[in-house]
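So the chains spell out like this:
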Amino acid sequence: MNSIHDQTLATLLSRRSAWPLSEPAPAPAELEAILQAAAVAPDHAGLRPWHFKAVQGEDRQALLHRVLQHPDAQTGQVQALQGKYALKLTTAPVVIVLAARITPHPKAPEFEQLLAAGAAVMSMLNAAHLLGYSGFWSSTPEPLAALLHKVMGFGAQDRIIGLLNLGTPASVTKPNAARTPWQEYAQRWRA
Ligand SMILES: Cc1cc2nc3c(=O)[nH]c(=O)nc-3n(C[C@H](O)[C@H](O)[C@H](O)COP(=O)(O)O)c2cc1C
């Protein structure tokens, strides 16, 4: 490998998730580039199952408000989780609500479409990293996923698969922990 490839690979391999995230956020053109990176995900049958809604600025508070005001949120369970929902939806400067749109298909079963949507999210994480930002994929345990689905206008075939938070680490990050050596999860198979 030449040195440019070495550097590119070293940058790719240095990606870490970070939390909490703060400003600076990706600029508009950078966010577009990050979203575009989803489109290079592998995609059986060309279904493009990834569907995202990016929320920024005051819209994050407005989204939280709508989630908490929804009739389905008027339960003790959700009221007890208000602080958690606020952290999830309003901490990072960019919060992308992630969905996989599952289309019945004879050759691309649901699990493949979920994997393709996940690969699209990974591609966005890498793009954000290459642009000098950090990301954090966080989950939306029920009933948050159902509430986001309702208040944001997702479709019947859309399955919420979490949040992609983007921004800059709010504090100095810890030195990178070593990654798992590949030998622990991959072996050469020989006949
Ligand atoms: C679908 C999905 C949901 C996740 N949800 C959470 C979460 O809610 N909270 C959390 O602490 N980590 C969550 N993680 C893990 C983090 O995004 C992150 O990958 C982990 O902290 C390891 O950091 P690394 O990406 O630098 O290896 C989730 C990961 C995935 C793939």
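Just above sits the structure.
Presented here is an overview of the structure given in this document. (Residues numbered from 1 in each chain as written. Predicted model: local features only at pLDDT ≥ 70, side-chain atom pairs only at ≥ 80, totals over all residues.)

**Comments concerning helix H5 (residues 82–90)**
- By the burial criterion, the buried members of H5 are Tyr85, Lys88 and Leu89. Down the axis of H5, the buried set is contained in an arc of 85 degrees. They therefore lie on one face.
- Those residues of H5 that are buried lie in contact with helix H3 (58–69), strand S3 (94–101), strand S4 (134–138), helix H7 (144–151) and strand S5 (158–169). (Buried ≥ 20, exposed ≤ 12 C-beta atoms within 10 Å, placed from the backbone. Helix = DSSP H or I, 4+ residues; strand = E, 2+ residues; numbered from the N terminus. Arc of directions from axis to C-beta. Contact = placed C-beta atoms within 7 Å.)

**With respect to the packing of H3 against H5**
- Contact geometry of H3 with H5 gives a least axis separation of 9 Å together with a crossing angle of 150 degrees. When the interaxial angle is binned, H3 and H5 end up roughly antiparallel. Viewed along their axes, H3 and H5 form a crossing whose handedness is right-handed. Within the contact between the two elements, H3 uses Arg60, Gln61, Leu63, Leu64, Val67 and Leu68 and H5 uses Gln82, Tyr85, Ala86, Leu89 and Thr90.
- Grouping the constituent residues of the contact of H3 with H5 by class yields seven nonpolar, three polar and one charged. (Axes fitted to C-alpha atoms, helices over the stretch in contact; angles between N-to-C directions. Parallel < 35°, antiparallel > 145°, perpendicular 65-115°, else oblique. Left-handed = near helix turned anticlockwise from the far one by under 90°. Nonpolar A, V, L, I, M, F, W, Y, C, P; charged D, E, K, R; others polar.)

**Description of the site of the ligand**
- Near the ligand, the surroundings consist of Arg16, Ser17, Phe136, Trp137, Ser138, Ser139 and Gly162.
- Among the elements that take part in the shell around the ligand, S4 stands out by supplying three residues, more than any other.
- Grouping the constituent residues of the shell around the ligand by class yields two nonpolar, four polar and one charged. (Near = placed C-beta within 6 Å.)

**Overview of unusual backbone geometry**
- The omega torsion across tryptophan 19 and proline 20 is 0 degrees, close enough to zero to call that bond cis.
- Counting through the fold element by element, proline 20 comes out in the loop between helix H1 (3–13) and strand S1 (21–22).
- With an omega dihedral of 0 degrees, the bond running from glutamate 23 to proline 24 counts as a cis peptide bond.
- Tracing the chain through its elements places proline 24 in the loop between S1 and helix H2 (28–37).

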